[in-house]
Amino acid sequence: MIRDGYVARWRGREYHASPDGGEVRLYRPEPGDGFTEVRPGRHVRVVPAAEIEELAYVRTTCTWKGQPFIVLGEHEGWLRVEYTGGRWPVAQAMRLEAFDFGVYQGWAPATEVTDLREQRV
């Protein structure tokens with residue numbers, strides 16, 4: 001599973017999360033006590049930040065063609081990747097899209113990606 005976002009541990013379980021000041025929104029795919037369905041397959045519960053056991057930002061990283069990337073998503077055997085090497089000539093040679101100033105993204109075949117790992121920040 002490719003993850004890029006906040007996670008929170010609450011009452012011994014980890015949830016996708018969204019911190020908001022003194023509160024944290026917790027998300028889960030199935031119904032649960034105190035969780036409200038916001039759309040099919042998405043339930044939310046807002047809890048005080050003081051009740052959160054751990055809050056971290058999780059991102060998936062990889063290497064593609066010898067260069068470092070963050071994995072933003074996946075679709076049908078492809079990974080949406082963002083180059084983190086900071087060298088424009090490399091990004092240009094790899095034919096990455098200039099998403100923003102200094103930000104280069106592209107689609108990499110999942111079979112060509114190595115060192116796929118999750119990092120907690």
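Residues numbered from 1 in each chain as written. Predicted model: local features only at pLDDT ≥ 70, side-chain atom pairs only at ≥ 80, totals over all residues. Heavy atoms only, no water.

1. A word on the overall build of the protein chain
Okay, step 1: Counting secondary structure elements, the protein chain contains 1 helix and 11 strands.
Okay, step 2: For the protein chain, the α and β elements follow one another from N to C terminus as β-β-β-β-β-β-β-β-α-β-β-β.
Okay, step 3: Here the protein chain has a C-alpha radius of gyration of 17 Å; the compact-globule value for 121 residues is 14 Å, and the former is much larger.
Okay, step 4: Seen through its principal axes, the protein chain has C-alpha atoms that stretch 50 × 30 × 25 Å.
Okay, step 5: The contacts in the protein chain between residues at least 6 apart in sequence include a share of 50% that link residues at least 24 apart. (Helix = DSSP H or I, 4+ residues; strand = E, 2+ residues; numbered from the N terminus. Rg over C-alpha atoms; globule rule 2.2 N^0.38 Å. Contact = heavy atoms within 4.5 Å.)

2. Considering the environment of W10
Okay, step 1: Assignment of secondary structure puts W10 in strand β1 (residues 4-10).
Okay, step 2: Taking C-alpha positions, W10 is 32 Å from T84, a pair spaced 74 residues apart along the chain.
Okay, step 3: Dropping the residues within four chain positions of it, W10 is found in contact with Y15, L26, F35, R45, V47, E51, I52 and E53.
Okay, step 4: A polar contact of 3.2 Å, which involves the side chain of W10, links it to the side chain of E51. (Polar contact = N/O pair within 3.5 Å; in protein donor to acceptor, adjacent residues only side chain to side chain.)

3. Digging into the pairing of strand β10 (residues 103-109)
Okay, step 1: Most of β10 sits inside the fold, with 5 of its 7 residues counted as buried.
Okay, step 2: Of the strand pairs in this sheet, strand β8 (residues 78-83) and β10 are connected by 5 bridges, and their pairing is antiparallel. Paired with E82 across the two strands is Q105, which belongs to β10.
Okay, step 3: Sheet topology places strand β9 (residues 97-100) next to β10; 3 bridges connect them, and they run antiparallel. Residue E97 lies in a different strand from β10, and its bridge partner there is Q105. (Buried < 20%, exposed > 50% of the residue type's maximum accessible area, 1.4 Å probe, protein only. Pairing = 2+ DSSP bridges.)

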